[in-house]
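What the coordinates show
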Amino acid sequence: MINSMTYKGYTASMVFDAEDKIIVGRVLDIDDIISFHGESVTEFESNFRAAIEDYLAASKELGSAAERPASGKIMLRIAPEVHAAALKAAARSGTSLNKWAEGALVQATRKPCVRAAARSEA
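Procedures and definitions
- Residues numbered from 1 in each chain as written.
- Predicted model: local features only at pLDDT ≥ 70, side-chain atom pairs only at ≥ 80, totals over all residues.
- Heavy atoms only, no water.
- Helix = DSSP H or I, 4+ residues; strand = E, 2+ residues; numbered from the N terminus.
- Buried < 20%, exposed > 50% of the residue type's maximum accessible area, 1.4 Å probe, protein only.
- Phe/Tyr/Trp six-rings, centres within 6.5 Å; stacked < 30°, edge-to-face > 60°.
- Patch = residues over 30% accessible without salt bridge, like charges linked within 9 Å, V, L, I, M, F, W, Y side chains within 5 Å.
- Areas by Shrake-Rupley, 256 points an atom, 1.4 Å probe, with all protein chains shown as cover.
- Salt bridge = Lys/Arg side-chain N within 4 Å of Asp/Glu carboxyl O.
- Pairing = 2+ DSSP bridges.
- Core = buried A, V, L, I, M, F, W, Y, C linked by side-chain atoms within 4.5 Å.
- Contact = heavy atoms within 4.5 Å.

1. Description of the overall build of the chain
What the chain contains, in helices and strands, is four helices and four strands. Counting every position in the chain, which comprises 122 residues, the buried fraction comes to 21%.

Quick look at the structure:
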């Protein structure tokens with residue numbers, strides 16, 4: 001079971017610290033570090049919401065955009081010829097266009113993708 005909580009598109013982990021008897025949280029899927037805790041689920045949720053609101057306010061005050069977790073969904077508008085070529089390349093490689101495009105994006109960004117790596121090993 002994964003213990004997590006979501007607020008305004010941000011997801012936080014929930015880990016019980018038995019020594020301090022608190023629930024410790026950290027916002028997942030962004031590079032900025034946002035952590036908080038609570039002695040109960042109610043306090044944890046309240047502190048999580050406050051941490052997100054503080055993060056959004058601080059980002060605005062600093063004139064920078066708050067980092068948002070990526071959804072994993074992407075909409076592209078490309079030339080029909082490129083679309084057709086990508087469909088053919090995906091078919092030749094025996095994968096769906098989504099999997100083929102993910103692999104191309106991983107290569108282009110030179111960042112390994114855990115999901116893509118797991119798929120290629122299967």
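2. As for the packing of aromatic side chains
All told, the structure shown has four aromatic pairs when counted by the stated rule. Note on tyrosine 7 and phenylalanine 48: the rings are 6.3 Å apart at their centroids and 70° apart in plane angle, and the pair reads as edge-to-face. Of the two residues, tyrosine 7 sits in strand β1 (residues 4–7) while phenylalanine 48 sits in helix α1 (residues 41–62), which places them 41 residues apart along the sequence. Residue classification places tyrosine 7 among the buried positions, given a relative accessible area of 15%. Ring-pair connections join several aromatic residues into one group, and the members of that group are Tyr7, Phe36, Phe44 and Phe48.

3. Overview of a nonpolar patch on the surface
Together, Ile74, Leu76, Ile78, Val82 and Leu105 give the surface a local cluster of nonpolar side chains, amounting to about 490 Å² of exposed area. Of note, isoleucine 78 is situated in the loop between α1 and α2 (80–93). The exposure class assigned to isoleucine 78 is partly exposed, which follows from its relative accessible area of 44%.

4. Thoughts on the pairing of strand β2 (residues 10–17)
Summarising the sheet, β1 and β2 pair through four bridges and their orientation is antiparallel. Its bridge partner lying in β2, methionine 5 is registered against alanine 12. Counted along the chain from β1 to the antiparallel partner β2, the turn is two residues long, and its residue lysine 8 has a positive phi close to 50°. Judged from the six bridges that link them, β2 and strand β3 (residues 22–27) form a sheet pairing that is antiparallel. By the bridge assignment for β3, serine 13 is matched with arginine 26. In this structure, the hairpin formed by β2 and β3 is closed by a connection of four residues, where lysine 21 is found at a positive phi of approximately 55°.

5. Regarding the nonpolar core
Tyr10, Val27, Ile34, Phe36, Phe48, Ile52 and Tyr55 are the most contacted members of the largest nonpolar core, which totals 17 residues. Elements supplying a minimum of two residues to this core: β1, β2, β3 and α1. With six residues, α1 is the largest single contributor of residues to this core. Residues within four places of valine 27 in sequence aside, it is in contact with Tyr10, Thr11, Ala12, Ile34, Phe36, Phe48 and Ile52.

Interpretation note: all reported values are geometric properties and have no functional meaning in isolation.
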